[in-house]
Amino acid sequence: MPEGHTLHRLARLHQRRFAGSPVAVSSPQGRFARSASAVDGLVLRRASVWGKHLFHHYVDGPTVHVHLGLYGHFTEWARRPGLAIPPPVGQVRMRMVGAEYGTDLRGPTVCELLDEAQVADVVSRLGPDPLRRDADPAWAWTRIAKSRRPIGVLLMDQTVIAGVGNVYRNELLFRHGINPYRPGRAITGAEFDAAWRDLVTLMKVGLRRGKIIVVRPEHDCGAPPYLPDRPRTYVYRRAGEPCRICSATITAAEMEGRNIFWCRVCQR
C-alpha cells in the first residue's frame, strides 16, 4: 500500500497538470460511470491529501475521493499533438483527461463522489498527517500516551497518525531504538517528540525524492543489494540479515496482520 508521501506527490502532479481547467472524466470500466458523468467537463479546483486519502475538488461540483488501498495505482500519460487519445488498457476505474495530460486509475479500494460535509467526515476520523502544514502532533501524542496497545500498532492506526505505512513504521522505530511491542503509554514525551520530528523529515525527503530514504549514509554499506523498487532499509524486509549497527540478526513477526521487523539488541 502506498505511503503518505506517494499520495502527496500524486496530488502535486495532478494539481500541476489538471487544476484550473476543465477535465474530461470517464469510467472505461463502467463501475464509476454515473459518478464520472457528474464531474465530467468541470474545472478541477485543486487536489488535496490527508494521509492516504486523495481528493479532487471541482468548481461547483462534488469531490472525488480516492483511496488506493493495496492494489490501486494511477498511470500518467501525455497527450501527443495530432494523435488520438490512447485507448484504456485493463480495468480503468477512472480516466481524467486534460489539455496536455491524462491519468488512469486502476484497482482502488475507494473511488467515490463526496460533498463537502462527507469530505469533512472522512478527515475527522484521521489523525494528523506529518506532511500537512496544519498537522497537530499533540493529537497523536494524546492518543498514544493513553494507550496500552503496542506502539507498532499505533503507528499504523490512521486515526492516530495518517499516512504512515509499514516501511516508515518499522524504520522509525529502529531509528529511535523503540521496540515495536512497547505499549504506547510507555513511550515518553521526549521519545515521541523526537520520533515525530524525524518522521516529518523522512516523509518530506520521500515527497521530494519520490522514494523512501531512511538509512543514514554511514550505515548504508555491507548489506545485500535490493530490488530497484524496494527501499534500502535498516530492518524492513531484512529478516535473518545482520543489523547494520550491531550485526545481530533482524527478527520478523506478524502484528495485527502486517509484518513487523526489528533488532532485538538495538530495540530492547
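Residues numbered from 1 in each chain as written. Predicted model: local features only at pLDDT ≥ 70, side-chain atom pairs only at ≥ 80, totals over all residues. Heavy atoms only, no water.

A short note on the domain arrangement of the protein
Annotation of the protein at the domain level lists domain 1 (4-125) and domain 2 (137-263). Each of domain 1 and domain 2 has a C-alpha centre, and these two points are 30 Å apart. Every contact between the two is made by nine residues of domain 1 and, on the other side, 15 residues of domain 2. Summing both sides of the interface, domain 1 and domain 2 together bury roughly 850 Å²; the carbon and sulfur share of this comes to 63%. Contact with domain 2 buries area across many residues of domain 1, yet His5, Arg9 and Lys52 alone supply 58% of it, more than any other trio. (Domains from an automatic or database assignment. Contact = heavy atoms within 4.5 Å. Buried area = accessible area lost by both parts, 1.4 Å probe.)

Notes on the sheet that holds strand β7 (residues 101-106)
Ordered by their spatial adjacency, four strands build an open sheet running β1-β6-β7-β5, and the pairing between neighbours is antiparallel. The sheet is open, and its two borders are formed by β1 (24-26) and β5 (73-78), each paired with just one other strand. Pairwise comparison of adjacent strand axes, ignoring direction, gives a mean angle of 15° for this sheet. Two elements, β1 and strand β6 (residues 92-97), share three bridges in a ladder whose sense is antiparallel. The residue bridging Ala24 from the neighbouring strand is Val97, located in β6. Of the strands in this sheet, β5, β6 and β7 are in contact with helix α1 (residues 4-18), which crosses β5 at around 30°. (Pairing = 2+ DSSP bridges. Helix = DSSP H or I, 4+ residues; strand = E, 2+ residues; numbered from the N terminus. Axes fitted to C-alpha atoms, helices over the stretch in contact; angles between N-to-C directions.)

As for the sheet that holds strand β2 (residues 44-50)
Ordered by their spatial adjacency, four strands build an open sheet running β2-β3-β4-β8, and the pairing between neighbours is antiparallel. At either end of the open sheet lies a strand with only one pairing partner, and these are β2 and β8 (110-114). Each strand axis lies, on average, 20° off the axis of its neighbour in the sheet, ignoring direction. Pairing between strand β4 (residues 63-67) and β8: five bridges, direction antiparallel. Within β8, the position partnered with His65 by the bridge is Glu112. Contacts from α1 reach β2 and β3 (53-58), with the element oriented near 175° to β2.

Description of a nonpolar patch on the surface
Judged by side-chain polarity, Met1, Leu70 and Tyr71 come together as a nonpolar surface patch covering roughly 370 Å² of accessible area. Mapping Tyr71 onto the fold places it in the loop between β4 and β5. Overall, the relative accessible area of 67% leaves Tyr71 in the exposed class. (Patch = residues over 30% accessible without salt bridge, like charges linked within 9 Å, V, L, I, M, F, W, Y side chains within 5 Å. Areas by Shrake-Rupley, 256 points an atom, 1.4 Å probe, with all protein chains shown as cover. Salt bridge = Lys/Arg side-chain N within 4 Å of Asp/Glu carboxyl O. Buried < 20%, exposed > 50% of the residue type's maximum accessible area, 1.4 Å probe, protein only.)

Concerning helix α6 (residues 166-175)
Most of α6 sits inside the fold, with ten of its ten residues counted as buried. Within the span of α6, buried status applies to Asn166, Val167, Tyr168, Arg169, Asn170, Glu171, Leu172, Leu173, Phe174 and Arg175. On its buried side, α6 packs onto α1, α5 (151-154), α7 (189-209), β9 (250-255) and β10 (258-263). Positive phi appears at Gly177, one or two residues downstream of α6, with a value of about 60°.

Things to note about the packing of aromatic side chains
Counted according to the given criterion, the structure contains five aromatic pairs. Centre to centre, the rings of Tyr181 and Trp262 are 5.5 Å apart; their planes meet at 70°, and the pair counts as edge-to-face. Highlighted residues: Tyr181 in the loop between α6 and α7 and Trp262 in strand β10, separated in sequence by 81 residues. Tyr181 sits in the partly exposed class, given a relative accessible area of 39%. For the ring pair Tyr236 and Phe261, a centre distance of 5.6 Å and an interplane angle of 75° mean the geometry is edge-to-face. In this pair, Tyr236 sits in the loop between α7 and β9 while Phe261 sits in strand β10, placing the two residues 25 residues apart along the sequence. Here the two residues Tyr236 and Phe261 agree in accessibility, since each one is buried. Taken together, the aromatic side chains of Trp141, Phe192 and Trp196 make up a single cluster linked through ring pairs. (Phe/Tyr/Trp six-rings, centres within 6.5 Å; stacked < 30°, edge-to-face > 60°.)

Regarding the environment of Trp50
Among the secondary structure elements, Trp50 is positioned in strand β2. For Trp50, a relative accessible area of 17% gives the class buried. On a C-alpha basis, the gap between Trp50 and Val89 in space is 29 Å, while along the polypeptide they are 39 residues apart. Each residue touching Trp50, except ones within four places of it in the same chain, is listed here: Phe55, Val123, Leu126, Gly127, Pro128, Asp129, Arg132, Asp134 and Ala162. Among the polar contacts listed, one links the side chain of Trp50 to the backbone oxygen of Gly127, at a separation of 2.8 Å. (Polar contact = N/O pair within 3.5 Å; in protein donor to acceptor, adjacent residues only side chain to side chain.)

Things to note about the pairing of β9
In the sheet, β9 pairs with β10 via six bridges, with the strands oriented antiparallel. Bridging from a neighbouring strand, Met255 pairs with Arg258 of β10. Where β9 folds back on β10, the antiparallel hairpin that results is connected by two residues, among which Glu256 adopts a positive phi of roughly 50°.

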